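Geometric and topological summary
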Amino acid sequence: MNNDDPSQNIIPEPSKNDVIMTSTTETNTKMLVSASELKDIVTYLASDELQGRNTGTEGIDKAATYIENKLKSYNVKPYFETYRDNYLAKGKDAFNVIGFVEGNDPELKKEVIILGAHYDHIGFGKKVEGDSIANGANDDATGTAAVLAMAKYFAAKKNNKRSILFTLYSGEEMGLLGSKHLAQRLKDLNVDLYTMINFEMIGVPMVGKEYDAYFTGFDLSNMAPKLNEYVDHSLLGLLPQAKEYQLFYRSDNYPFFKAFNKPCHAISTFDFTNYDYYHHVDDEADKMDYEFMATLVSKMIPAFEAMSNTDTKEIKMNE
Ligand SMILES: [Zn+2]
């Protein structure tokens, strides 16, 4: 539930004889990741040192090295020979960064879930008060931090029967180039993709909604209702603007959908009214709500755990 929902704050006055119980309006979420680990990652990726992480620059190379080192420290293995999945982005050397946590079931581990986000950004933007570095904190250092935190969690627990790929893309801002490359590479390898979930701009809570985040392409598959059912909570909802702005087609889930025709969607909390700094030089790390992010990721992990462990592939495209 969203803290800004005013209906949650209407608490009847106790009468003198009532036993007063303390409670919170928020359902108690077991915290599986911490706000501080997410903050550390976003703060580094969105620092001026990385110069806006434009694909093909020194800044994004530093970001990739940082992500590789994180995966290594979590004991997440590379999926290919190294963590880097190399390709050319408009003639420039570019790379996705990919980690792998193999499933623990001999049969189900052949089925793969992809969790992803893009770690690139646009480099420089329109100068405001002498600052022209577009730091890309919400877009999409937040999604990158979420994917890394989940990689750490699953590498430690190893409780997933299906395998999970943790994928960080570059080239998104140049036209989904990194995800297009990886989708095709995995298709060529005949990977048995079950589902793909892309995290885009999750650093600022939604306001007045009955769900925590929205789901793009909501009606295309039964994934959102299934994930909600797995955690018995309205975690993911349908935002009408997502359809209006065609968001399903505008981020890294789309190339996977196109290549595999399987449930591939994005999760976001940016609804065009709750954050003023989309592709703006003021999209900075200190504007993110890390407690919110940690709560959101902690609610999502059990949904993905359940998805990775069902006996059959319950999540399907709608007819
Ligand atoms: Zn983005």
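Residues numbered from 1 in each chain as written. Predicted model: local features only at pLDDT ≥ 70, side-chain atom pairs only at ≥ 80, totals over all residues.

An unreviewed UniProt entry lists the protein under the name Peptidase M28, from Aquaticitalea lipolytica.

Side note on the overall build of the protein
Going by this rule: Under the scheme used here, helices are H or I runs from DSSP no shorter than 4 residues and strands are E runs no shorter than 2 residues, and both carry numbers assigned from the N terminus. Radius of gyration here uses only the C-alpha atoms, and the compact-globule reference equals 2.2 Å multiplied by the residue count raised to the power 0.38. Comment: burial labels come from other C-beta atoms within 10 Å of the residue's own C-beta, placed from the backbone, where a count of 20 or more is buried, 12 or fewer is exposed, and between is partly exposed. Think of it this way: build a C-beta for each residue from its backbone, and any pair within 7 Å is a contact.
Scanning the protein from N- to C-terminus turns up 8 helices and 11 strands. Its C-alpha atoms give the protein a radius of gyration of 19 Å, near enough to 20 Å, the size a compact globule of 319 residues would have. For the protein, the residues scored as buried account for 49% of the 319 residues in total. Restricting to contacts in the protein with at least 6 residues of sequence separation, those with at least 24 account for 80%.

Quick word on the packing of helix α1 (residues 35–45) against helix α8 (residues 290–309)
As a reminder of what qualifies: A fitted line through C-alpha atoms serves as each axis, taken over the contacting stretch for helices, and the angle formed by two N-to-C directions is quoted from 0 to 180°. Just so you know how the angles are binned, under 35 degrees is roughly parallel, over 145 roughly antiparallel, 65 to 115 roughly perpendicular, and the rest oblique. Note: crossing handedness is left-handed where the near helix turns anticlockwise from the far helix by less than a right angle, and right-handed where it turns clockwise. Only Asp, Glu, Lys and Arg are considered charged in this grouping, and only Ala, Val, Leu, Ile, Met, Phe, Trp, Tyr, Cys and Pro are considered nonpolar; every other residue, Gly among them, is considered polar.
It is at 8 Å that the axes of α1 and α8 come closest, and there the two elements cross at 115 degrees. With respect to their mutual orientation, α1 and α8 come out roughly perpendicular. For the pair α1 and α8, the crossing hand works out as right-handed. Between α1 and α8, the contacting residues are Ala35, Leu38 and Lys39 on the first element and Tyr290, Glu291, Met293 and Ala294 on the second. Residue classes in the contact of α1 with α8 are distributed as 5 nonpolar, no polar and 2 charged.

Points about the packing of helix α3 (residues 137–157) against α8
Between α3 and α8, the shortest axis-to-axis distance is 11 Å and the interhelical angle comes to 45 degrees. Classed by the angle they form, the pair α3 and α8 counts as oblique. Two packed elements cross with a definite hand, and for α3 against α8 that hand is right-handed. Contacts from Thr142, Ala146, Ala149, Met150 and Tyr153 in α3 reach Met293, Val297 and Ile301 in α8. Its residues placed into classes, the contact of α3 with α8 shows 7 nonpolar, 1 polar and no charged.

Brief notes about the pairing of strand β2 (residues 84–89)
Along any regular strand the residues' side chains alternate between the sheet's two faces. Operational definition: Pairing between two strands requires that DSSP report at least two bridges joining them.
As judged from the 6 bridges shared by β2 and strand β3 (residues 92–101), these two strands associate in the antiparallel manner. Residue pairing in the sheet places alanine 89 in a bridge with lysine 92 of β3. Once β2 ends, the chain turns through 2 residues before running back antiparallel as β3, passing lysine 90 with a positive phi of about 45 degrees.

A short note on helix α7 (residues 253–260)
Counting buried positions along α7 gives 6 out of 8 residues, so the element sits mostly inside the fold. Taken together, the buried positions of α7 are occupied by Asn253, Tyr254, Pro255, Phe256, Phe257 and Ala259. The inward-facing, buried residues of α7 contact β4 (111–118), α4 (177–188), β8 (192–199) and β11 (264–268). Positive backbone phi, at 50 degrees, marks asparagine 261, one or two positions downstream of α7.

Some words on the pairing of β8
The element β8 is largely enclosed, with a buried count of 7 among its 8 residues. Bridge count between β4 and β8: 6 bridges; the pairing is parallel. Paired with glycine 116 across the strands is asparagine 198, a residue of β8. As paired strands, β8 and β11 are joined by 4 bridges and run parallel to one another. The partner of asparagine 198 across the bridge, within β11, is alanine 266.

A few points about α3
So the rule is basically this: Here, expected helix span is obtained from the residue count minus one, scaled by 1.5 Å.
Between its first and last C-alpha atoms α3 spans 28 Å; for 21 residues at 1.5 Å apiece the expected length is 30 Å, and the two agree. In the stretch just after α3, lysine 158 is the one whose phi turns positive, near 50 degrees.

A few points about unusual backbone geometry
A cis amide bond links aspartate 139 to the next residue, aspartate 140, at an omega of -5 degrees. Along the chain, aspartate 140 falls in helix α3. For asparagine 190, which is not glycine, the phi torsion reads 60 degrees and is therefore positive. Within the secondary structure, asparagine 190 sits in the loop between α4 and β8.

Description of the UniProt feature "domain: Peptidase M28" (unreviewed entry) in the protein
Our working rule: UniProt positions are given in the numbering used here, feature names are shortened, and annotations may be inferred rather than shown by experiment.
The sites that carry the UniProt feature "domain: Peptidase M28" (unreviewed entry) are, in the present numbering, residues 96–295. Within the segment residues 96–295, helix and strand shares are 30% and 24% respectively, and the terminal C-alpha atoms sit 27 Å apart.

Comments concerning the nonpolar core
The condition that has to hold: Note on definitions: a nonpolar core is a set of buried residues drawn from Ala, Val, Leu, Ile, Met, Phe, Trp, Tyr and Cys, linked by C-beta atoms within 7 Å.
Counting residues in each nonpolar core, the largest one holds 89 residues, and the members touching the most others are Val42, Ala146, Val147, Met150, Met293 and Val297. Element by element, the count of residues in this core is highest for α8, at 11 residues. Residues contacting valine 147, with those up to four places away along its chain left out, are Leu115, Gly116, Ala117, Phe166, Leu168 and Phe199.

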